[in-house]
Protein chains: 4
Amino acid sequence: MNSNTEHKNWRSKLHEIIYEADTPKGKGFDVILLIAIIASIILVMLESVKSFDDKYHNFLNISEWVITILFSLEYIARIVTVKKPFKYIFSFYGIVDFLATIPKYLSLIFAGTHALVALRALRLLRVFRILKLARYLGASQNLVNALKASKAKISVFLFAVIITAIILGTIMYLIEGEENGFTNIPKSVYWCIVTLTTVGFGDITPQTPIGQFIASLVMVLGYGIIAVPTGIVSAEYTHSLKNNDNSSEEDIPLNSQSCGNCLDDTHKDGAQFCHKCGYQLYNE
Amino acid sequence: MNSNTEHKNWRSKLHEIIYEADTPKGKGFDVILLIAIIASIILVMLESVKSFDDKYHNFLNISEWVITILFSLEYIARIVTVKKPFKYIFSFYGIVDFLATIPKYLSLIFAGTHALVALRALRLLRVFRILKLARYLGASQNLVNALKASKAKISVFLFAVIITAIILGTIMYLIEGEENGFTNIPKSVYWCIVTLTTVGFGDITPQTPIGQFIASLVMVLGYGIIAVPTGIVSAEYTHSLKNNDNSSEEDIPLNSQSCGNCLDDTHKDGAQFCHKCGYQLYNE
Amino acid sequence: MNSNTEHKNWRSKLHEIIYEADTPKGKGFDVILLIAIIASIILVMLESVKSFDDKYHNFLNISEWVITILFSLEYIARIVTVKKPFKYIFSFYGIVDFLATIPKYLSLIFAGTHALVALRALRLLRVFRILKLARYLGASQNLVNALKASKAKISVFLFAVIITAIILGTIMYLIEGEENGFTNIPKSVYWCIVTLTTVGFGDITPQTPIGQFIASLVMVLGYGIIAVPTGIVSAEYTHSLKNNDNSSEEDIPLNSQSCGNCLDDTHKDGAQFCHKCGYQLYNE
Amino acid sequence: MNSNTEHKNWRSKLHEIIYEADTPKGKGFDVILLIAIIASIILVMLESVKSFDDKYHNFLNISEWVITILFSLEYIARIVTVKKPFKYIFSFYGIVDFLATIPKYLSLIFAGTHALVALRALRLLRVFRILKLARYLGASQNLVNALKASKAKISVFLFAVIITAIILGTIMYLIEGEENGFTNIPKSVYWCIVTLTTVGFGDITPQTPIGQFIASLVMVLGYGIIAVPTGIVSAEYTHSLKNNDNSSEEDIPLNSQSCGNCLDDTHKDGAQFCHKCGYQLYNE
């Protein structure tokens, strides 16, 4: 674009590929990364299926090593290309990326079984990287504003649901008693949440007429109060839509560059310097 | 209506009956077609009921042949009356209509059993023809606009639901383990979706206190986040209603003619030529 | 109020008590009627409870005769006080009132058991009389308008839900098969409705991995599309509220008089003549 | 603040700590009270868990005595510091506070078991004190207004749900009968509420084809009518938000002082005298 590009060495080029999504190479890298993450999730899932693991153990093992090495290389590349590596290492994504690589290496040291499944599951955390894509799907600022405005009220609502569940759960424990599956208050409260939220597993059900009557009240209550959070979000979002009617969806910056210095990735389209630390951004 | 009508030969008359719904004959044809489709759906359903099939096998067999022959004749008539038959044959409805006729013929060749049920089920696809009726029920443009505006946000939402289900499902697998029915991660994720969506089959339920506690969180979460898609659709539709307040429902064209050349059926009321290809429409 | 009141004989006085609710006597009659209806519903319910019926058979029998005779007297009084008895007899409420009185008399003729329960249940129909009270609870015109405006769209929606259930039910039948409880297509469609509506009984559940995967899609779909009818009603009601902002709730006529001639009961407050047939209303 | 503060003796200082939340000491007291209430709820819950109670019986017993004595001291302090003690004693919170302290003392007199659990559960009532916190979570006046405006309509709706459940429950009882679990009408109505509210325990499920067909109708109905209360709250809240657009959330008074005379706690920020009885408020 201008003389700034002359600064580019292999590190800055690599940075552009890894951290940005608006150049062809950067997009390509992101797509490959996405596929690798989804593949790793599917691998963790399949490995837990006994019958599948018995048949294709070698295939799963090799695939996991491939994924692990890929993730490791990516992790090293991310550290190398960032100007302040420690900031990346101790950032949220830095920790997630690290935790996603170690399970397979640890499996060499500890040959145990169940604890390692938990470790391998850590790789699932990488799905959070996918969340970055949400930006492209048009999640407008309006919805975010509506949810922010609703947060406090929905907290009050959920809090009220929990108190209701505790009180009604205790009442059900006293009415139904241990012989009908309501063995203790925590279990009764669990049943009450199952019922209030209209999930209704049916593993515990009231057997006495009075218990069934109170259960009916709980259900109708649960059915009625769902209207409250829904109404709040609807109203706040309608409000938000009206107030921001002029601001079109296109106002959302699609610039996905992240600063080589402070890792911030909320730059305006066409920005040349980081708006947080003033570090020069790599533009083509 | 004017001299154009002199062009009409039997083909154009048949076209009018089959493809249009605003002449008495066209309406009659549509009603008969609708009844035939519903009858064919009921037949497929009844045939799968063992006790019924044993008793009335002959009746079902003959009825199916009648329906199949009717559908075949209609299919041939549609090909004959359209100017560009291949365009119809490879259109969505063309393929559906074809797939709806073949199962019974194939049953003569293959006398197998289970695979044929699947084939016969293809006839169900014809229900999509009924969807054309939606237009008459007053599904206003406002609702369609609201759903279009909501699409991206609802996709983000469903995507978030699936990621949540994967993460929470894995946690539940680690906590509950195989002895409590959470035999593998895919099954745990399935359980998590069952719970998040408040369906709650109860075929798998948490047994440990910690599992029940996390299940409670999943339920309250599922109960709370239902507010998001509902809020989005409400708000977008309210917005859409307000913006289109002047446009009354009557603006929806009721003209159901479809062009004999390009099959387009979104002409304005009283249109004389196709607005897409300029081909003359058959008006009375 | 004026000379009109001189016309009042015992019939017109009785008419006022029975058909109107804005005089002290009329209100008293309505309250007694309401209590009798609720009592009769509770009696029908209790009678079906074996253990209760065994103990208190005589009490139930006598109570039912009392209620039946009360209802019979009221039915006769309604016929006598109305100017056009046949209009009442063949009106909706007339038929309901008649059906509510006969079961006990028929029980003298037919001493059978199960068929009579069905007959006795007819008395439940009288609950519709309670619906008249809805007017006093502030069910504003806005809500009724919103529901009317939503009717067509909700029909389309429910229609789409049923078609979806038929198609997905058939797919599940083909995948899961008879060995997993999906014994025939109607049962599969029933399962699909149970799942789509997030009821989730759990009497039939998918057992194969593919079945569970499709079930997950059905659940997420059901969870998502609930937003559509909710959004429609919310938006239409918001719209209705906005348009009628000036019309306060007090505009709802509380006049509950019904015309002695044509039974219409939607008169304005203070009306002296029926707005439908011109017949003089009984005012005090 | 001014000469008023000279009036302060130990009683007024204690009053300020106990009844107010806007001084450091008052806040500290509220936080300790909150922790004590939550601890007492957890204790009641844990005590009902057999395995836990067997192991840690002494710990639970001592903890309960500590909590009980704390609550007792607080109760006495509240009585002493209020000018009109009887007004407090017979107020809602006064009764709740009293009931929360007595169970443990009564356990000395009655050494029975089950009845005492019910007594101990009374301590749960103290959770209502937590509700005072709702004010700080931003539950704006708008939401309260919306719920008030919706109350009558939601009552009508719930009433309609119950009548529908009674009628459909009776129909299901007649169709399915005792052999399929619908042993009597109250149980059928219970099943119908379970289904209408989309809870779906699955303890009772229809077995006959006709029963399953009607159950499907009930489910679709329940799925559809959830839109009504949700739509009402959404619309009323949207309406409320629009009308109060100018009034910001900050208008909610955060002054939590309660009058030493009449216990009213809805004073304006900076108020010096009670707006109900004119009694001087304790300000620093």
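Reading guide: rules and limits
Residues numbered from 1 in each chain as written. Chains lettered and ligands numbered in written order. Predicted model: local features only at pLDDT ≥ 70, side-chain atom pairs only at ≥ 80, totals over all residues. Heavy atoms only, no water. UniProt positions renumbered as here; feature names shortened; annotations may be inferred. Helix = DSSP H or I, 4+ residues; strand = E, 2+ residues; numbered from the N terminus. Buried < 20%, exposed > 50% of the residue type's maximum accessible area, 1.4 Å probe, protein only. Contact = heavy atoms within 4.5 Å. Buried area = accessible area lost by both parts, 1.4 Å probe. Salt bridge = Lys/Arg side-chain N within 4 Å of Asp/Glu carboxyl O. Nonpolar A, V, L, I, M, F, W, Y, C, P; charged D, E, K, R; others polar. Least-squares fit on C-alpha atoms with pLDDT ≥ 70 in both. Polar contact = N/O pair within 3.5 Å; in protein donor to acceptor, adjacent residues only side chain to side chain. Expected span 1.5 Å × (residues − 1).

As annotated in an unreviewed UniProt entry, chain A is Ion transporter from Winogradskyella immobilis. Looking at the Subcellular location (unreviewed entry) heading of the UniProt record, one finds this comment for chain A: "Membrane".

**Notes on the overall build of chain A**
Across its full length, chain A holds twelve helices and zero strands. Shown N-terminal to C-terminal, the secondary structure of chain A runs as helices and strands in the order α-α-α-α-α-α-α-α-α-α-α-α. Counting the 284 residues in chain A, one finds 50% classified as buried. Partitioning the intrachain contacts of chain A with sequence separation of at least 6 by distance along the chain shows that 60% fall at a separation of at least 24.

**Regarding the interface of chain A and chain B**
How big an interface is tends to be reported as the loss of accessible area on association of its parts. Tallying the contact residues gives 48 residues for chain A and 44 residues for chain B. Both faces considered, chain A and chain B share a buried interface measuring about 3,900 Å² in area, 75% of it formed by carbon and sulfur atoms. Area buried by chain A at its contact with chain B is led by A:Met45, A:Tyr190 and A:Phe201, which between them contribute 16% of it. At the boundary of chain A and chain B, one finds one salt bridge. Ionic pairing is found between B:Glu178 and A:Lys50, a salt bridge with its closest N-O pair at 3.4 Å. Elements with a minimum of two residues in the side of chain A that touches chain B: helix H2 (24-48), helix H7 (114-121), helix H8 (127-130), helix H9 (141-176), helix H10 (185-196), helix H11 (209-225) and helix H12 (227-243) of chain A. In terms of residues, the side of chain A that touches chain B owes the most to one element, H12(A), which gives eight residues. In terms of residue class, the side of chain A that touches chain B is made up of 31 nonpolar, eleven polar and six charged.

**Observations regarding the relation of the copies chain A and chain D**
It takes a turn of 90° to lay chain A on chain D, together with a shift of 0.0 Å along the axis; the resulting RMSD is 0.1 Å. This pairing of chains is accounted for by a four-fold axis.

**Things to note about the interface of chain A and chain D**
Facing the 44 residues of chain A at the interface are 48 residues of chain D. Interface area, chain A with chain D, both sides summed: about 3,900 Å², of which 75% is carbon and sulfur. Summed over the shared surface of chain A and chain D, the number is one salt bridge. Taken together, the links from chain A to chain D amount to six residue pairs in polar contact (both at pLDDT 80 or more). Put simply, the parts of the chain that give the side of chain A that touches chain D at least two residues each are H9, H10, H11 and H12 of chain A.

**A look at the UniProt feature "transmembrane region" (unreviewed entry) in chain A**
Residue and element names in this part refer to chain A. Under the local residue numbering, the UniProt record ascribes the feature "transmembrane region" (unreviewed entry) to residues 28-46, 58-77, 105-125, 156-175 and 210-233. Secondary structure content for residues 28-46 is 100% helix and 0% strand, while the C-alpha to C-alpha distance between its ends is 27 Å. For residues 58-77, the end-to-end C-alpha separation is 29 Å, with 100% helix and 0% strand making up the annotated structure.

**Structural notes on helix H4 (residues 57-81) of chain C**
The end-to-end C-alpha separation of H4(C) is 36 Å, in line with the 36 Å expected for 25 residues at 1.5 Å each. Within the span of H4(C), buried status applies to C:Leu60, C:Ser63, C:Glu64, C:Ile67, C:Thr68, C:Phe71, C:Ser72, C:Glu74, C:Tyr75, C:Ala77, C:Arg78 and C:Thr81.

**Here we look at the pattern of salt bridges**
Any two side chains of opposite charge can pair if their charged atoms end up close together. Residue and element names in this part refer to chain B. In the structure shown here, the tally under the stated rule is 16 salt bridges over all chains. Here Glu74 and Arg78 are joined by a salt bridge, their closest N and O atoms 2.6 Å apart. In this pair, Glu74 and Arg78 both sit in helix H4 (residues 57-81), four residues apart, roughly one turn of the helix. An identical accessibility class is assigned to Glu74 and Arg78; each is buried.

**Details of the relation of the copies chain A and chain B**
When chain A is fitted to chain B, the residual RMSD is 0.2 Å, and the transformation amounts to a turn of 90° plus an axial shift of 0.0 Å. The two copies present different faces, since only 19% of the interface residues in chain A are matched by interface residues at the equivalent positions in chain B.

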